[in-house]
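# Reading the structure
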Amino acid sequence: MTEFTHQPFGVTADGQAVEQWTLRAGSYAAQVLTYGGVLRSFTVPSPDGNRDIVLGYDSLAEYEAQDKYLGALVGRVANRIGGAAFDLNGVHYSLAVNNGPNCLHGGLRGFDRAVWKAQVENDALVLRHVSPAGDENFPGTLEVQVTYTLTEDGALTLDYQAKSDADTLCNLTNHSYFNLLGHAHGSLEGQQVQIFADAITETDADSTPTGVLLPVEGTPFDLRTPRDFLQGLAIEHPQLTLGNGYDHNFTLHTTPVSPLGLAARVCGGGLCLECSTTQPGLQLYTANYLDGSPGKDGACYGPRSAFCLETQAWPDAIHHANFPSIVLAAGQTYHHTTCYRVTMI
């Protein structure tokens with residue numbers, strides 16, 4: 001049985017009240033903000049006591065000031081849309097340019113900047129948000145629901161659903177930064193990553209997919225067997241140079257899977273995190289662009305101090321016919337689930 005409590009977490013610059021919800025199940029606890037649907041903390045039992053393994057901030061003002069998407073729900077379209085534009089049903093849509101020449105993570109005010117409505121339903125925390133037609137210049141009114149569930153076996157599950165009244169694009173994810181040695185550890189040392197994928201989507205100098213699927217065989221992206229993060233990052237490879245580290249989509253499948261398929265496993269510090277998902281892709285990001293700004297309890301969050309496992313559709317899919325589609329037709333339901341399960345080893 002999960003216990004739920006909530007308390008105020010400040011007021012946004014434009015006057016919206018934000019709450020922090022705490023989910024407790026056995027020895028596990030997660031804190032979720034209504035601002036951006038942020039996973040602010042995930043505290044788990046470890047060999048040396050309880051350990052918070054998610055990077056975050058102590059105040060709402062810090063969340064509003066940052067641009068690294070710490071812990072946030074991301075949409076309407078996670079990752080990059082090349083050229084910050086797309087065509088749909090014969091109409092050309094221009095988007096905000098906020099990442100080189102691209103539109104990243106939904107634009108200037110994506111779902112990470114929204115204040116979501118929250119309530120407890122069926123032993124889960126349900127967040128809802130309505131993105132009106134024309135929001136960040138995307139078509140259609142999109143109604144989104146993300147359900148957080150925490151269980152006593154260490155499973156934190158995010159269930160995503162969305163519907164639109166007009167054809168639009170939809171690709172949702174969570175952008176939590178993990179470090180199994182604790183959010184303040186500051187390095188990925190001693191942590192091994194395994195991703196069950198045979199290829200990545202190759203990117204150009206702007207981190208935009210070229211449309212080419214690059215086999216992982218013989219590259220630092222071959223994570224089909226566990227590899228130490230720092231060992232992989234030390235290998236010379238053009239794709240690692242372009243991304244300043246791992247910042248790549250691993251192609252898990254060409255279509256969604258059901259039930260959940262095991263996508264990745266990270267182990268270190270006496271813990272193991274398993275990521276399972278229905279999504280066709282997983283973006284591995286090694287926090288290459290964190291700048292050392294302070295986080296919770298004054299911790300320094302610098303480059304490569306954490307990792308993200310962003311389950312999602314393949315980036316820039318609207319421009320590549322060989323990628324799984326991210327078009328959500330009017331009246332259809334977008335539905336994906338991702339589970340992060342953390343256990344002691």
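In what follows, the accompanying structure is described. As the structure is a prediction and not an experimental result, all values here were calculated from the model.

Reading the values: the criteria
Residues numbered from 1 in each chain as written. Predicted model: local features only at pLDDT ≥ 70, side-chain atom pairs only at ≥ 80, totals over all residues. Heavy atoms only, no water. Helix = DSSP H or I, 4+ residues; strand = E, 2+ residues; numbered from the N terminus. Contact = heavy atoms within 4.5 Å. Polar contact = N/O pair within 3.5 Å; in protein donor to acceptor, adjacent residues only side chain to side chain. Pairing = 2+ DSSP bridges. Axes fitted to C-alpha atoms, helices over the stretch in contact; angles between N-to-C directions. Salt bridge = Lys/Arg side-chain N within 4 Å of Asp/Glu carboxyl O. Buried < 20%, exposed > 50% of the residue type's maximum accessible area, 1.4 Å probe, protein only.

## With respect to the environment of Ser 131
Here Ser 131 lies in strand 12 (residues 124-131). Each C-alpha atom of the pair Ser 131 and Glu 121 lies 22 Å from the other, and the pair is ten residues apart in sequence. When near neighbours in sequence (up to four residues on either side) are disregarded, Ser 131 contacts Arg 76, Phe 111, Gly 140, Thr 141 and Leu 142. Among the polar contacts made by the side chain of Ser 131, one reaches the side chain of Asp 135 at a distance of 2.6 Å.

## Remarks on the sheet that holds strand 1 (residues 3-11)
Taken in spatial order, the five strands of this open sheet run 1-2-3-4-5, and their pairing is antiparallel. This sheet does not close on itself; its edge strands, each paired only once, are strand 1 and strand 5 (49-52). When strand polarity is set aside, the average angle formed by the axes of neighbouring strands in this sheet is 20°. Bridge count for strand 2 (residues 17-25) against strand 3 (residues 28-33) is six bridges, and the pairing is antiparallel. If you follow Trp 21 over to strand 3, its bridge partner there is Val 32.

## Brief notes about unusual backbone geometry
That bond from Gly 75 to Arg 76 is cis: its omega, 5°, falls within 30 degrees of zero. Along the chain, Arg 76 falls in the loop between strand 6 (73-74) and strand 7 (80-81). Residue Asp 297 is not a glycine yet carries a positive backbone phi of 60°. With respect to the helices and strands, Asp 297 occurs in the loop between strand 25 (293-294) and strand 26 (300-301).

## A word on the pattern of salt bridges
All told, the structure shown has twelve salt bridges when counted by the stated rule. Here Arg 128 and Glu 121 are joined by a salt bridge, their closest N and O atoms 3.0 Å apart. A salt bridge links Arg 224 to Asp 222, with the nearest nitrogen and oxygen atoms 2.8 Å apart. The class for Arg 224 is partly exposed, based on a relative accessible area of 29%. Residues participating in the shared-partner salt-bridge network are Asp 198, Glu 217, Asp 222 and Arg 224.

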